[in-house]
Amino acid sequence: MVNTENGAQATRFVQDTFKEVVDESDQIRIVILGQSGIGKSTIVSRVFGIPEEEARVSHDVPGEHDINEGITYKSNRSIIVHDSGGFESGLAGGVQKVMEFMEKRKKEKKVKDQIHCIWYCIACEGDRPTQGFAEQFFTDIDKITGEIPVLVIFTKFDKLVGQHQLILGEQNQDWPYAKIKKYAEGEALKEFECKYRVKVMSKLNNAKKKVDWERLGRLQGPERGGAAIGDPLNETRTNDLITKTYACLTYSLQPMWVRTQRQNAKVKIDHSITAGMEYFKSAAFSNGIPFIPLKDLAVEIIISKKIFQNIHRIWNQDEFLFVADKEIQTHIRDAIFDKNIVQQAASQIWDIFDITGPLSQANNAVKLMKTIAGVTLIHAWLFRHQKRLIEKMSTLSVIQGRGITGAGKSEIHPLTTSQVCDALERFQKSRQRRRVCTQIEGGLNKYGLNLGKAFRATKLEEIIREALDMVLGDENSWKNLGSLED
């Protein structure tokens, strides 16, 4: 359900281990500008994991939406969208309202009340991509936006490709479809460059600020010719939009952006490894202190818990995946390691009786590295499941004729405890878990990292990334893990 900002139930607080200046209870605030019907709602749906029927950014009637009224979404309360309302070139009143809104927000003192980023959407259709307010906006962008980062988003590139496919198909009826598609994409890129990108971006030649751009296509569901569920091949290019938005945000807002977006799993994986390694380094210092009985066992338990909490927050903003109670945290930790009782007992005995400190570093290093990789992999799998569920709901909405007019009829619910436990049982038995653990152990041996050298090695993070890339880059790995709906 779409709510206005004033009515949103969005106040939350969790200790921010990223030490950013923005409270966890704050939200990312984005302004989306552009005419109606160019795909703004669909972009919101894809990037923020909101069912399409809920992801309306305005009333879709030119000039009727108040840009001062931020929109929040029940399915993702961490994002606030301010929409221009699809004003057309002749609506001077709407243009003036946008200008006044920008000026007001630029003067806000609190980070949470400021505009964090502006997306200006332009469709790849028509002969004049910039006219009316667009012309004025790009000409006076420094004055209008100040220090607010701006990204230009070219939408409906797939429509451009489709037009060229029709033309080439009629002209070359003996060509196979694959050849027509390939040539059509090439011709569409040429037209996009000269007719849209160059025309728009040339308006910024005299601007002081750097403005990046991205082109999107195939945003609609697969039943309407869009990208496959989950967009595994990044056909929509929304992953690139997320990466470029991340790059233009201030350092203090970047962690919040990673947590809020629900499309680009790679960004979340990268930050999960980085977040886990921060606590790994603190464990390295603790393990180097000798002659404290039971120290290593305590360090392992405490740091493992911190690693889980930090990684979990990256994937589970607004409890998107599941409610992480103590029982589930224990199940996740158990699912990462072998159930070989002899091995587990030997490992714990080593931690208990080795009070010299450095001799136990290799043992704890391996376990903590597996924890980082395992917790990340489990969350990536559950994240994929929820994404597929969202897009299935959007597809069903279209099939039933609701489109985006039935806002509020679909909700995303966290996975139940039984679903998570079932997933963890599959994961514990999976070849993917064993491959990751084996890769980590093999990486340590490969680089000769053992005993006291393990924690100090700069190669540890690289070993974890290599292990995850090996599994996550294999599409069959996802299929082998199965679906939670099976």
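Residues numbered from 1 in each chain as written. Predicted model: local features only at pLDDT ≥ 70, side-chain atom pairs only at ≥ 80, totals over all residues. Heavy atoms only, no water.

Engineer: Help me understand the overall build of the protein, please; the structure alone is not making it clear to me.
Structural biologist: A tally of helices and strands in the protein yields 17 helices and 7 strands. Each of the 486 residues in the protein was classed as buried or not, and the buried ones make up 51%. Considering only intrachain contacts with a sequence separation of at least 6, the fraction spanning at least 24 residues in the protein is 76%. Surface accessibility of the protein: about 22300 Å² in total, with carbon and sulfur atoms responsible for 54%. (Helix = DSSP H or I, 4+ residues; strand = E, 2+ residues; numbered from the N terminus. Buried < 20%, exposed > 50% of the residue type's maximum accessible area, 1.4 Å probe, protein only. Contact = heavy atoms within 4.5 Å. Areas by Shrake-Rupley, 256 points an atom, 1.4 Å probe, with all protein chains shown as cover.)

Engineer: Explain the environment of Gln 419 to me, please; I cannot follow it from the model alone.
Structural biologist: One can find Gln 419 in helix α14 (residues 417-429). For Gln 419, a relative accessible area of 28% gives the class partly exposed. With 97 residues separating them in the primary sequence, Gln 419 and Phe 322 have C-alpha atoms 9.4 Å apart. For Gln 419, the side chain forms a polar contact with the main-chain nitrogen of Thr 416, separated by 3.0 Å. (Polar contact = N/O pair within 3.5 Å; in protein donor to acceptor, adjacent residues only side chain to side chain.)

Engineer: Whenever I open this one, the side chain of Thr 42 confuses me. Can you help?
Structural biologist: Its place among the elements puts Thr 42 in helix α1 (residues 40-48). On the accessibility criterion, Thr 42 (16% relative accessible area) is buried. If near-sequence neighbours (up to four positions away) are discounted, Thr 42 is found in contact with Glu 52, Leu 219 and Gln 220.

Engineer: What's the story with the confidence of the model for the protein in this structure? I'm lost.
Structural biologist: Parts of the model with low pLDDT should not have their predicted coordinates read in detail. Residues at a pLDDT of 70 or more form 72% of the protein, whose mean pLDDT is 78. Least confident of the elements in the protein is strand β1 (residues 2-4), whose mean pLDDT is 47; most confident is strand β6 (residues 150-155), at 96. Throughout residues 1-22 the model reports pLDDT below 50, and contacts reaching past four residues in sequence, or to other chains, amount to 58 contacts. Confidence drops under pLDDT 50 across residues 59-63; counting only partners more than four residues distant or on other chains, this segment forms 14 contacts. (pLDDT = per-residue confidence, 0-100.)

Engineer: Looking at this model, I keep getting lost on the pattern of salt bridges. Mind explaining?
Structural biologist: As a working rule, side chains carrying opposite charge can pair if their charged atoms are close by. Across all of its chains, the model carries 20 salt bridges by this definition. As a salt-bridge pair, Arg 218 and Glu 235 come within 2.3 Å of each other at their nearest N and O atoms. Remark: Glu 235 occurs in the loop between β7 (212-215) and α7 (238-248) and Arg 218 occurs in the loop between β7 and α7; sequence separation between them is 17 residues. Looking at Arg 218, the relative accessible area reads 25%, which means it is partly exposed. Sharing partners across several salt bridges, the network here consists of Asp 212, Glu 214, Arg 237 and Lys 244. (Salt bridge = Lys/Arg side-chain N within 4 Å of Asp/Glu carboxyl O.)

Engineer: Whenever I open this one, the packing of helix α15 (residues 431-446) against helix α16 (residues 460-472) confuses me. Can you help?
Structural biologist: The angle between the axes and the distance between the axes are what describe a pair of packed helices. Between α15 and α16, the shortest axis-to-axis distance is 9 Å and the interhelical angle comes to 150°. It follows that α15 is roughly antiparallel to α16 by the angle criterion. Our pair here, α15 against α16, has a crossing hand that is right-handed. Mapping the contact onto sequence places Gln 432, Arg 435, Val 436, Gln 439, Ile 440, Gly 443 and Leu 444 in α15 and Leu 460, Ile 463, Glu 466, Ala 467, Met 470 and Val 471 in α16. (Axes fitted to C-alpha atoms, helices over the stretch in contact; angles between N-to-C directions. Parallel < 35°, antiparallel > 145°, perpendicular 65-115°, else oblique. Left-handed = near helix turned anticlockwise from the far one by under 90°.)

Engineer: Explain the packing of aromatic side chains here, please?
Structural biologist: A ring pair, where both rings are aromatic, is described by two values, the distance of the centres and the angle of the planes. Summed over the entire model, instances satisfying the criterion amount to 15 aromatic pairs. For the ring pair Trp 119 and Trp 257, a centre distance of 6.2 Å and an interplane angle of 85° mean the geometry is edge-to-face. Of this pair, Trp 119 sits in strand β5 (residues 117-123) while Trp 257 sits in helix α8 (residues 254-260), placing them 138 residues apart in sequence. Ring geometry for Phe 137 versus Phe 138: centroids 5.3 Å apart, planes at 85°, classification edge-to-face. Among the residues examined, Phe 137 registers a relative accessible area of 0% and is labelled buried. By relative accessible area, which is 0% here, Phe 138 ends up buried. Taken together, the ring pairs connect Tyr 120, Phe 133, Phe 137 and Phe 138 into an aromatic cluster. Of note, Arg 215 hangs over the ring of Phe 157, and the distance from its end group to the ring centre comes to 4.4 Å. The positively charged end of Lys 244 is found above the aromatic ring belonging to Trp 213, 5.3 Å away from the centroid. (Phe/Tyr/Trp six-rings, centres within 6.5 Å; stacked < 30°, edge-to-face > 60°. Lys NZ or Arg CZ within 6 Å of the ring centre and 35° of its normal.)

Engineer: Would you mind showing me how to read the pairing of strand β2 (residues 28-33) here?
Structural biologist: As a general feature of sheets, a regular strand has side chains that alternate between the two faces. A large share of β2 lies buried, amounting to 6 of its 6 residues. Taking every second residue as pointing to the same face, both faces of β2 are buried, with Ile 28, Ile 30 and Ile 32 on one and Arg 29, Val 31 and Leu 33 on the other. Here 5 bridges tie β2 to strand β4 (residues 76-83), and the two strands are oriented parallel to one another. The residue of β4 that forms the bridge with Arg 29 is Ile 80. Pairing of β2 with β5 involves 4 bridges; the strand directions are parallel. Note that in β5 the partner of Val 31 across the bridge is Ile 118. (Pairing = 2+ DSSP bridges.)

Engineer: Please clarify how the packing of helix α5 (residues 157-171) against helix α6 (residues 177-201) should be interpreted in this entry.
Structural biologist: At their nearest, the axes of α5 and α6 sit 8 Å apart, and the two run at 125° to each other. With respect to α6, the axis of α5 lies oblique. Crossing of α5 over α6 shows right-handed handedness. Residues Phe 157, Leu 160, Val 161, His 164, Gln 165, Leu 168 and Gly 169 of α5 lie in contact with α6, whose contacting residues are Tyr 177, Ile 180, Lys 181, Tyr 183, Ala 184, Glu 185, Glu 187, Ala 188, Leu 189, Glu 191, Phe 192 and Tyr 196. Partitioning the contact of α5 with α6 into residue classes produces 12 nonpolar, 3 polar and 4 charged. (Nonpolar A, V, L, I, M, F, W, Y, C, P; charged D, E, K, R; others polar.)

Engineer: Even after reading the chapter, I still don't get the state of the cysteines, so can you show me in this structure?
Structural biologist: What we call a disulfide is simply a covalent bond connecting the sulfur atoms of a pair of cysteines. Applying the stated criterion across every chain, the model contains 0 disulfides. Sulfur of Cys 117: no disulfide; nearest cysteine sulfur belongs to Cys 248 and is 3.9 Å away. In this structure Cys 117 comes out as buried when scored by relative accessible area, which is 0%. Relative accessible area serves as the criterion here: at 27%, Cys 248 is assigned to the partly exposed category. (Disulfide = S-S within 2.5 Å.)

Engineer: What is the right way to read α16 from this model?
Structural biologist: Look at α16: 18 Å from first C-alpha to last across 13 residues, which is about the 18 Å you get at 1.5 Å a residue. Turning to α16, its buried residues are Leu 460, Ile 463, Ile 464, Ala 467, Leu 468, Val 471 and Leu 472. Taken end-on, α16 shows its buried residues confined to a sector of 150°, consistent with a single buried face. (Expected span 1.5 Å × (residues − 1). Arc of directions from axis to C-beta.)

Engineer: Honestly, the environment of Lys 429 in this entry has me stumped. Any pointers?
Structural biologist: Summarising the element assignment, Lys 429 is placed in helix α14. Linking Lys 429 and Ala 335, residues 94 residues apart in sequence, is a C-alpha distance of 8.4 Å.

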